[in-house]
Amino acid sequence: MFGIHAFHPPSPPTAALEAGLARALAEYREWAGRLRTDSATGRRGILLNDAGVRFVEAAADDGATLGSVMPLQPTPEVRRLHPSGGDGAGELMLVQVTRFACGSIVVGHAMHHAVGDGFAISRFLVAWGQATRGVAIDPVPVHDRTSFFVPRDPPRVEFEHRGAEFKLPRDKNNKNDVRRSIDGGAGDGSDNDEVVVQHVRFSREFISELKSRASAGAPRPYSTVQCLAAHLWRCVTKARGLGGGRATTTLHLAVNGRARMPRVPEAYTGNLVLWAHPATTARDLLAGPLGRAAELVRAEAARVDDAYFRSFIDFASSGAVEEEGLVPPLADPEAVALGADVAVYCLLRVPFYDVDFGGGRQFFYTPGYYPAEGVVYILPPSPLGDGSVEAHVSLFSRAMETFKAYCFSIEHREALEDQ
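Residues numbered from 1 in each chain as written. Predicted model: local features only at pLDDT ≥ 70, side-chain atom pairs only at ≥ 80, totals over all residues. Heavy atoms only, no water.

1. Some thoughts on the sheet that holds strand β4 (residues 54-59)
Filter applied, for reference: At least two DSSP bridges between two strands are required for those strands to pair. Each helix is a run of DSSP H or I of at least 4 residues and each strand a run of E of at least 2, with the numbering of both proceeding from the N terminus. Orientation is described by axes fitted as lines to C-alpha atoms, over the contacting stretch for helices, and by angles from 0 to 180 degrees between their N-to-C directions. In what follows, residue pairs with any heavy atoms lying within 4.5 Å of each other are defined as contacts.
Strand order in this open sheet of five strands is β4-β5-β6-β1-β12, and the pairing throughout is mixed. Strands with a single pairing partner mark the edges of an open sheet, and in this sheet they are β4 and β12 (364-366). Strand-to-strand twist in this sheet, taken as the mean axis angle between neighbours without regard to direction, amounts to 15°. Bridge count for strand β1 (residues 2-7) against strand β6 (residues 105-111) is six bridges, and the pairing is antiparallel. Residue G3 lies in a different strand from β6, and its bridge partner there is H109. Across the sheet, helix α1 (residues 14-27) touches β4, β5 (93-99) and β6, and the angle it forms with β4 is around 160°. Contacts between helix α2 (residues 118-133) and the sheet are confined to β1, β4, β5 and β6, with β6 contributing the most and set at about 140° to the helix.

Here it is as structure tokens:
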């Protein structure tokens, strides 16, 4: 996971940042370890060898100020603020601190998802800030990765996890299932068309109207996440030109298990995310009202409850994954596009804006530049407190203008139906 965090001066010296990082790593040893595979079981784990993380300091070119490059947009240029790796050292965390002539700093990180999910990553960054400021790390991290997830005896696999959390590896000789062109036909989706990332900002008023429209006639109001995920799902589907067909489109929505499994504390430092998979045909998604899509999102997310997580633990521990060669459905390095699907990572409740190295909380956060077609990041709320919600949406460039034409319109049912 990439992230970029911007801070106004005064900025702590490099020595203080490094010392604070070392103190935080003493409490979060996973990030200073290395991935290893157990020769007996073939399972991957983290070796707690305190090998460390990569820390790089950089300076902005030609004495540039941070204000001269703000706001940072999700373009290839922002990669200069990401830490670079790729030399095979195996660090699970890379950090780059870029200093600007105005005294501001930007902290960029790349952290391996095998260690922790977005919520765990944010907790570590908050702890790094606390350690740099010389205050106690709070909350105290919970590292127990076994007792919370012991499979039941006998196991009870009550849900179908093949096709949801796992699938058979895709036939590499048949790539049309995921490399579908935007108009729904066959193709590899890469014919001289690049994936671009669009930053969009929805005002408080837009979000309020979106929720009001979606919730009209519903037994209870839909949440901001449910409404916005449903809205973006529809707009991406329209932009891809899929509305006139009967192809199935699925929204993959990340669900944080800390809110679903009462035995697991919020300060748990590992991965605890499964996916909800609401699905319908592209035609029905666009022809129906927003509320119908929001209800699909709510219903499927509600299914990913404590019982579902327990069933997943039993299945994942059964040996079937290894025996059948199953893989996560979204972990396909060969795929350049999600076809008719959309994947949404919601960071609204992830406390990135609590990070403070001593000069005050960060004033800007972005996941950086992550051009993965069909992937949407709903960002943490701005510290300005204006009620707006921002998102990054990745699509092929030829679809982006259509997406932008519809994403800020609520009264667009007829337009969506007009194929």
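Structure's up, so let's keep going.
2. As for the packing of aromatic side chains
What counts here: Aromatic rings from Phe, Tyr and Trp, taking only the six-membered ring of Trp, are treated as a pair when their centres fall within 6.5 Å; an angle between ring planes under 30 degrees marks them as stacked, one over 60 as edge-to-face, and anything in between as tilted. Categorising residues by exposure relies on relative accessible area from a 1.4 Å probe, with only protein chains included: less than 20% of the type maximum marks a residue as buried, more than 50% marks it as exposed, and the intermediate range marks it as partly exposed. Here, a charge over a ring means that NZ of Lys or CZ of Arg falls within 6 Å of the ring centre while also lying within 35 degrees of the ring normal.
Considering all chains together, one arrives at 16 aromatic pairs under this definition. Judged by centre distance (6.5 Å) and plane angle (85°), the ring pair of F148 and Y268 falls under edge-to-face. Highlighted residues: F148 in the loop between α2 and β7 (195-202) and Y268 in the loop between β8 (248-256) and β9 (273-276), separated in sequence by 120 residues. Residue F148 shares its accessibility class with Y268, and that shared class is buried. Aromatic pair Y345 and Y377: ring centres 5.1 Å apart, planes at 15°, arrangement stacked. Placement of the pair is Y345 in strand β11 (residues 342-346) and Y377 in strand β13 (residues 375-378), with a sequence separation of 32 residues. In this structure Y345 comes out as partly exposed when scored by relative accessible area, which is 26%. Given the relative accessible area of 12%, Y377 is considered buried. Counting every residue linked through ring pairs, the aromatic cluster contains W275, Y345, Y370 and Y377. Here the guanidinium or amino end of R398 rests over the ring plane of F396, the centre of that ring lying 5.6 Å away.

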